[in-house]
Amino acid sequence: MDPILIKLAKLLPRLEDVEELLDNEVEARYILKKAISFMENCESSKCVDEEEIRYLICALVDRNWERIHTGHFSSVPLNIRKIYAIGCYFKIFFLLLESTDPGQREICSGILDEAQLLGCMEDWSELKISLMQYLDDEKVGASVPLPILMPSTRLQSTCDIPQMEAPSLNEFKTQCFTPRQPTLLLNTIKHWPAMEKWLDLNYLLQIAGNRTVPIEIGSNYASDEWSQQLVKIRDFLQRQFGSEEGSQEIEYLAQHELFSQIPALKKDISIPDYCTISGDDPPGAVDIKAWLGPAGTISPMHYDPKHNLLCQVFGSKKIILAAPEDTDKLYPHDSEFLGNTSQIDAASLDFEKYPLVKEVKFYDLLLQPGDCLYMPPKWWHYVRSEAPSFSVSFWWE
Ligand SMILES: O=C(O)CCC(=O)C(=O)O
Ligand SMILES: [Fe+2]
């Protein structure tokens, strides 16, 4: 066995670590007990049961994948997600015992991403990070090179909210944060390495192509045709920005914590200092989300509970805002999961169907590369990309 793998295997969960997860989980207990004891001894002896344990671990992963996909994700018990993640770890080790060639490592990297996206892995973060490094040293090339986007020049456009040129922390605090005033902050992220590097989509492909991410399919998450899928970034980039671009259904890598999944990309951005200004003492963590997609992605009118800086790396976005005071006139959906989302199409208002909308004050703006939009909590926003676009949002309290 590869000496690095032997070291990594020592980080695998032991029975005493997972005991409390397995209270009513007879099947999982039986399988994990066998797998744990196999891995603890795999250095010294060849275990006769290897084939059987490998099979059982795959069954455990499949069974808990099904349980995770039954009902709404938010109601899946945490221990099921943890058992799924642990099963994935063991599945990866069994695959690596078979072979560590690049193809096999890519398969394992996909399993690890799914474990991270669907499972709950916070108790095993050392193992996760070490495994990620071990699996992720392959660079991916494109079969047909992806385009290198041109830096765009600033367009004249209407802006119904105040604009400030990279304000100081104090200006931001007194003129935006404290009065809860949405503001367009011009040329605020011009210094990010991402501003140049990400224009070359082959760079994103190289660094992240092998990784699996959740993609939204269909242009609007509130419509019936909308769905989500886990896909390789390579396939997503090729479909949406490669030579076939435009012939496909719109796919959107939306609201995803890409930078904790792929730390190499985080080096290209930085958390704006404005996020240190906080109503909480000490300030809480900042949630960083990536939004990458072709022209025509739509986030329907909705609000979020936190302060938000939506930063634009490339492409531009048409944004329509409305104040929290107008919530009752924006016809939020009745369902629990869409309660923060309006039924109206903000880009094409239908006063007959939604008469109260006539009384709403809407604010239009165009978010352009290098700029960021400050949105206070609960402000409604509709967002449509006008060109291939990459934004990064920072949410904080
Ligand atoms: O850019 C988008 O499509 C939506 C962004 C958004 O809703 C947010 O940052 O909260
Ligand atoms: Fe949002």
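Quick caveat, the model's predicted, so the values are computed rather than measured.

1. A closer look at the overall build of the protein chain
So, point 1. A tally of regular secondary structure across the protein chain gives 13 helices and 13 strands.
So, point 2. Its C-alpha atoms give the protein chain a radius of gyration of 24 Å, near enough to 21 Å, the size a compact globule of 397 residues would have.
So, point 3. Overall, the protein chain is about 75 × 45 × 45 Å in size when its C-alpha atoms are taken along their principal axes.
So, point 4. Counting over 397 residues, the protein chain shows a buried share of 49%.
So, point 5. Taking all contacts inside the protein chain whose residues are at least 6 apart in sequence as the whole, residues at least 24 apart take part in 78%.
So, point 6. As presented, the protein chain carries roughly 19000 Å² of accessible surface, and 50% of it is formed by carbon and sulfur atoms.
So, point 7. Side chains of the protein chain give 37 positive and 60 negative charges; the mean places of these two sets differ by 2 Å.

2. Re the coordination of the iron ion (ligand 2)
Tetrahedral coordination by four donors sets the ideal angle at the metal to 109.5 degrees; octahedral coordination by six donors sets it to 90 or 180 degrees.
So, point 1. Here the iron ion (ligand 2) is held by the protein donor atoms His302 (NE2), Asp304 (OD) and His381 (NE2), which lie 2.1 to 2.2 Å from it.
So, point 2. On the primary sequence, the residues serving as donors to the iron ion (ligand 2) are separated as H-x1-D-x76-H. In this pair, the class of His302 matches that of Asp304, namely buried.

3. So, the sheet that holds strand S2 (residues 183-186)
So, point 1. A sheet is described by the order of its strands in space; here 9 strands give the open sequence S1-S2-S11-S8-S13-S6-S5-S3-S4, paired in mixed fashion. Both outer strands of the open sheet, strand S1 (163-165) and strand S4 (227-232), are each paired with one neighbouring strand and no more. Ignoring strand direction, the axes of neighbouring strands in this sheet form an average angle of 25 degrees.
So, point 2. Note that strand S6 (residues 287-293) and strand S13 (residues 389-396) share 7 bridges and pair antiparallel. When the bridges of S13 are listed, Leu292 appears paired with Phe390.

4. Considerations on the site of ligand 1
So, point 1. Residues in contact with ligand 1, as listed here, are Tyr252, Trp291, Ser299, His302, Asp304, Asn308, Leu310, Lys317, His381, Val383, Ser393 and Trp395.
So, point 2. At a separation of 2.6 Å, an oxygen atom of ligand 1 approaches a polar side-chain atom of Ser299.
So, point 3. A distance of 3.0 Å is found between an oxygen atom of ligand 1 and a side-chain nitrogen or oxygen belonging to His302.
So, point 4. Mapped onto the shell around ligand 1, the elements with two or more residues apiece are strand S7 (298-302), strand S8 (307-314), strand S12 (380-385) and S13.

5. So, the UniProt feature "domain: JmjC" (unreviewed entry) in the protein chain
So, point 1. Within this structure's numbering, the places UniProt gives as "domain: JmjC" (unreviewed entry) are residues 251-397.
So, point 2. Secondary structure content for residues 251-397 is 5% helix and 37% strand, while the C-alpha to C-alpha distance between its ends is 30 Å.

6. Digging into the packing of helix H5 (residues 78-98) against helix H7 (residues 125-135)
A packed helix pair is summarised by two numbers, namely the angle formed by the two axes and the spacing between the axes.
So, point 1. H7 packs onto H5 with a crossing angle of 35 degrees between their chain directions and a minimal axis gap of 12 Å. For the element pair H5 and H7, the recorded crossing hand is left-handed. Seen from H5, the contacting residues are Tyr89, Ile92, Phe93 and Leu96; seen from H7, they are Leu127, Lys128, Leu131, Tyr134 and Leu135.
So, point 2. Each residue belonging to the contact of H5 with H7 can be placed in one class, and the counts come to 8 nonpolar, no polar and 1 charged.

7. Side note on the nonpolar core
So, point 1. Core analysis: the largest hydrophobic core is formed by 48 residues, its most contacted members being Trp198 and Phe390.
So, point 2. Per-element tally for this core: the top contributor is helix H10 (residues 201-208), with 6 residues.
So, point 3. Setting aside residues up to four positions removed in sequence, Phe390 forms contacts with Trp198, Leu204, Leu258, Phe259, Ala290, Trp291, Leu292, Cys311, Gln312, Val313 and Phe314.
So, point 4. Residues Met39, Tyr89, Cys108 and Ile111 belong to the second largest nonpolar core, which totals 47 residues.

8. Some thoughts on empty space enclosed by the protein
So, point 1. Scanning the entire structure with this criterion turns up 4 cavities of 30 Å³ or more.
So, point 2. If you add up the space inside the largest cavity, you get close to 100 Å³.
So, point 3. Around the largest cavity, the lining comprises 13 residues; the ones closest to its centre are Trp291, His302, Leu310, His381 and Val383.
So, point 4. For the lining of the largest cavity, the secondary structure elements donating two or more residues are S7, S8, S12 and S13.
So, point 5. Estimated volume of the second largest cavity: approximately 50 Å³.

9. Some remarks on the layout of surface pockets
So, point 1. For the largest pocket, the calculated volume is near 1800 Å³.
So, point 2. Lining of the largest pocket is provided by 43 residues; of these, Phe73, Leu117, Pro214, Gln228 and Gln255 occupy positions nearest its centre.
So, point 3. Elements supplying a minimum of two residues to the lining of the largest pocket: H5, helix H6 (102-118), strand S3 (212-217), S4, strand S5 (251-256), helix H12 (258-261), S6 and S7.
So, point 4. Grouping the amino acids of the lining of the largest pocket by side-chain chemistry returns 18 nonpolar, 16 polar and 9 charged.
So, point 5. Of the residues that make up the lining of the largest pocket, three or more belong to each of domain 1 (3-135) and domain 2 (163-396).
So, point 6. Approximately 450 Å³ is the volume attributed to the second largest pocket.
So, point 7. Taken together, 21 residues make up the lining of the second largest pocket; nearest its centre are Met150, Pro151, Ser152, Gly315 and Pro369.
So, point 8. When contributions to the lining of the second largest pocket are tallied by element, the ones reaching two or more residues are helix H9 (194-197) and S8.
So, point 9. A class-by-class count of the residues in the lining of the second largest pocket yields 12 nonpolar, 6 polar and 3 charged.

Criteria and thresholds
- Residues numbered from 1 in each chain as written.
- Chains lettered and ligands numbered in written order.
- Predicted model: local features only at pLDDT ≥ 70, side-chain atom pairs only at ≥ 80, totals over all residues.
- Heavy atoms only, no water.
- Helix = DSSP H or I, 4+ residues; strand = E, 2+ residues; numbered from the N terminus.
- Rg over C-alpha atoms; globule rule 2.2 N^0.38 Å.
- Buried < 20%, exposed > 50% of the residue type's maximum accessible area, 1.4 Å probe, protein only.
- Contact = heavy atoms within 4.5 Å.
- Areas by Shrake-Rupley, 256 points an atom, 1.4 Å probe, with all protein chains shown as cover.
- Lys, Arg positive; Asp, Glu negative; His and termini not counted.
- Charge placed at Lys NZ, Arg CZ, Asp CG, Glu CD.
- Donors = N, O, S within 2.8 Å, 3.2 Å for Na, K, Ca; no water.
- Pairing = 2+ DSSP bridges.
- Axes fitted to C-alpha atoms, helices over the stretch in contact; angles between N-to-C directions.
- Near = heavy atom within 4 Å.
- Polar contact = N/O pair within 3.5 Å; in protein donor to acceptor, adjacent residues only side chain to side chain.
- UniProt positions renumbered as here; feature names shortened; annotations may be inferred.
- Left-handed = near helix turned anticlockwise from the far one by under 90°.
- Nonpolar A, V, L, I, M, F, W, Y, C, P; charged D, E, K, R; others polar.
- Core = buried A, V, L, I, M, F, W, Y, C linked by side-chain atoms within 4.5 Å.
- 1 Å grid on protein atoms, 1.4 Å probe; cavity = no way out; pocket = protein on both sides within 12 Å on 5 of 7 lines; lining within 4 Å.
- Points joined across faces, edges and corners; volume = space filled by probe spheres on them.
- Domains from an automatic or database assignment.

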